[in-house]
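Chains, contacts and geometry: an overview
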Protein chains: 2
Amino acid sequence: MGRLFLIPSPLGDNNPAEVLPASVLSLLPELKTFVVEEVRTARRFLSAAGLKGHIDELEFHELNEHTTAAGTEALLPLLERSDVGLISEAGLPAVADPGAALVALCHRKGIEVIPMVGPSSLMMALMASGLNGQSFAFRGYLPAKTDERRQALKTVEKQSSQLNQSEIFIETPYRNDSLFADMLSGLAPGTRLCIAADITLPTQLIRTRTIAEWRKVNGFTIGKRPCVFIILA
Amino acid sequence: MGRLFLIPSPLGDNNPAEVLPASVLSLLPELKTFVVEEVRTARRFLSAAGLKGHIDELEFHELNEHTTAAGTEALLPLLERSDVGLISEAGLPAVADPGAALVALCHRKGIEVIPMVGPSSLMMALMASGLNGQSFAFRGYLPAKTDERRQALKTVEKQSSQLNQSEIFIETPYRNDSLFADMLSGLAPGTRLCIAADITLPTQLIRTRTIAEWRKVNGFTIGKRPCVFIILA
């Protein structure tokens, strides 16, 4: 019986050798079968990680938002045959992506799941935010529609205040600045907001300020880059 | 002005070169000043990371649960002078430890904070659990007293069910098995529980089962080892 290795990948156009430890880099050449969110991205990652020579001998299977439950189940025979590496588009697999369904199946079938060390944009944002890391919640995306989003921000701010809990969000990059604008207009002046963009990249920007302070910053835009938002009310 | 580097350390008796990427290993010899949770552990880590030669030339300052707000503030002049590395007892600093207070101060003073890649026991447990990674919360420790703890488990289970949210806990190792017993007796049969112990170590154990399934496992004990608990009701 094979094992399922959860293999982190860089958060952007980084050299894998810089952001992944030896335990991951030395594991990669041992694996022949990969379940990936997108084959093209995974090939590029593995090639950058030094697997150039035998990348055409590897077997890739996709698991993404289009995969049905039956499609996920159909991946299990791969694990009966050999070890499999699971790779997401960026960062840790099986946290906010469909890989979690395969992991859940492995637990049901008694297949060992082994998480590997790598960059987590959520935790790197949280640790660098200075906000409460003893109590935090992640809920993925806020609603996309403006009215619903403003309401959701209010709800989340109230909850953050009641539980003294850091609230972590992500947003589709092209909506970063409209979410930021809604936060500036809708949150209380004393609420703290951390903006963490381009984590691990040369253009990394991580700043925590109160909403009142952010309002005073002229001409600041996040732009279309991967960004984690954290608020603490 | 210096920068504050947040430096992860191994989760147990691992070789740092195995679990930390080159970006961290190459940074360490550049730093002369460290703020650490405990000097003895930090020295041992840095020595294992290859800094044997000049470890006596390094400057260590402690920041832990005994440090006052004034004591934390007194660390700021170090950063005016040079870059500083922040190291916790294990894993990511400034998440569930007093380092966050120093990070918060840095944001107030405009000092750059740079998170480095390393092992996060919470995220490694979550990714390997197969539970919901799109929505999760961490609240640290449950109450230590049995009655309060049982009540807290009920509350958390209800919340998990209402929000479809994975609930992550940690426990002092010597209480692992009494917490586990309370979970088996107090949670609903269909609630899923992931036990993730000794993450990244050779003795690593990560299993997700329903409470009904866990009840059927004979003679299982966690023992006094670092463990992350995750439930999804």
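Here the structure is a predicted model, which is why all the values come from computation and not from measurement.

**Regarding the confidence of the model for chain A**
Of the residues in chain A, 100% reach a pLDDT of 70 or more, and the chain-wide mean stands at 94. For this predicted complex, the interface score ipTM comes out at 0.95, alongside a pTM of 0.96.

**Some details on the pattern of salt bridges**
Residue and element names in this part refer to chain B. Within this structure, the stated rule accounts for 20 salt bridges over all chains. Salt-bridge contacts for R81 lead to E59; the nearest nitrogen and oxygen are separated by 3.0 Å. With a gap of 22 residues between them, R81 in helix α5 (residues 76–81) and E59 in strand β3 (residues 59–62) connect regions that are remote in the sequence. Its relative accessible area of 53% is what places R81 among the exposed residues. Its salt-bridge partner being E171, residue R175 comes within 3.6 Å of it at the nearest N-O pair. On the basis of relative accessibility, which here comes to 23%, the residue R175 falls in the partly exposed class.

**Observations concerning unusual backbone geometry**
Unlike most non-glycine residues, N164(A) shows phi in positive territory, near 50 degrees. One can find N164(A) in the loop between α8 (146–163) and β7 (166–170).

**With respect to the environment of D83(A)**
All names here are of chain A. Along the polypeptide, D83 turns up in the loop between α5 (76–81) and β4 (84–87). In this structure D83 comes out as partly exposed when scored by relative accessible area, which is 22%. For D83, the side chain forms a polar contact with the side chain of R3, separated by 2.7 Å.

**Some thoughts on the relation of the copies chain A and chain B**
Each copy superposes on the other: chain A lies on chain B with an RMSD of 0.0 Å after a rotation of 180 degrees and an axial shift of 0.0 Å. With respect to symmetry, the two chain copies, as superposed, fit the operation of a two-fold axis. Of all interface residues in chain A, 100% are interface residues in chain B too; the two copies therefore contact each other through one and the same surface.

**Some words on α8(A)**
Residues and elements named next belong to chain A. Under the 1.5 Å per step criterion, the end-to-end length of α8 is 26 Å for 18 residues, consistent within 8% with the ideal 26 Å. Looking at α8, one finds that the buried residues are R149, A152, L153, V156, E157 and S160. Along the long axis of α8, the arc covered by the buried residues comes to 135 degrees, so they all point the same way. The outward face of α8, more than 90 degrees from its buried face, is lined by the exposed residues D147, Q151, K158 and Q162. Residues of α8 that are buried make contact with β7, α9 (176–186) and β10 (227–232). Backbone geometry just downstream of α8 places N164 in the positive-phi region, at approximately 50 degrees.

**Quick look at the sheet that holds strand β2 (residues 33–36) of chain B**
Taken together, the five strands give an open sheet; going across it, the order is β3-β2-β4-β1-β5 (chain B), and neighbouring strands pair in parallel fashion. Unpaired on one side and paired on the other, β3 and β5 (113–115) of chain B mark the two borders of the sheet. Across the sheet, the mean angle separating the axes of adjacent strands is 25 degrees when strand polarity is ignored. In this structure, β2(B) lies alongside β3(B), joined through four bridges in parallel fashion. Each bridged residue has a counterpart across the sheet, and for F34(B) the counterpart in β3(B) is F60(B). On top of the sheet, helix α7 (residues 121–129) of chain A reaches β1 (4–7) and β5 of chain B; it is set at about 150 degrees to β5(B), its chief contact. This element, helix α3 (residues 39–51) of chain B, spans β1, β2, β3 and β4 (84–87) of chain B of the sheet and lies at about 140 degrees to β3(B).

Analysis parameters
- Residues numbered from 1 in each chain as written.
- Chains lettered and ligands numbered in written order.
- Predicted model: local features only at pLDDT ≥ 70, side-chain atom pairs only at ≥ 80, totals over all residues.
- Heavy atoms only, no water.
- pLDDT = per-residue confidence, 0-100.
- Salt bridge = Lys/Arg side-chain N within 4 Å of Asp/Glu carboxyl O.
- Helix = DSSP H or I, 4+ residues; strand = E, 2+ residues; numbered from the N terminus.
- Buried < 20%, exposed > 50% of the residue type's maximum accessible area, 1.4 Å probe, protein only.
- Polar contact = N/O pair within 3.5 Å; in protein donor to acceptor, adjacent residues only side chain to side chain.
- Least-squares fit on C-alpha atoms with pLDDT ≥ 70 in both.
- Contact = heavy atoms within 4.5 Å.
- Expected span 1.5 Å × (residues − 1).
- Arc of directions from axis to C-beta.
- Pairing = 2+ DSSP bridges.
- Axes fitted to C-alpha atoms, helices over the stretch in contact; angles between N-to-C directions.

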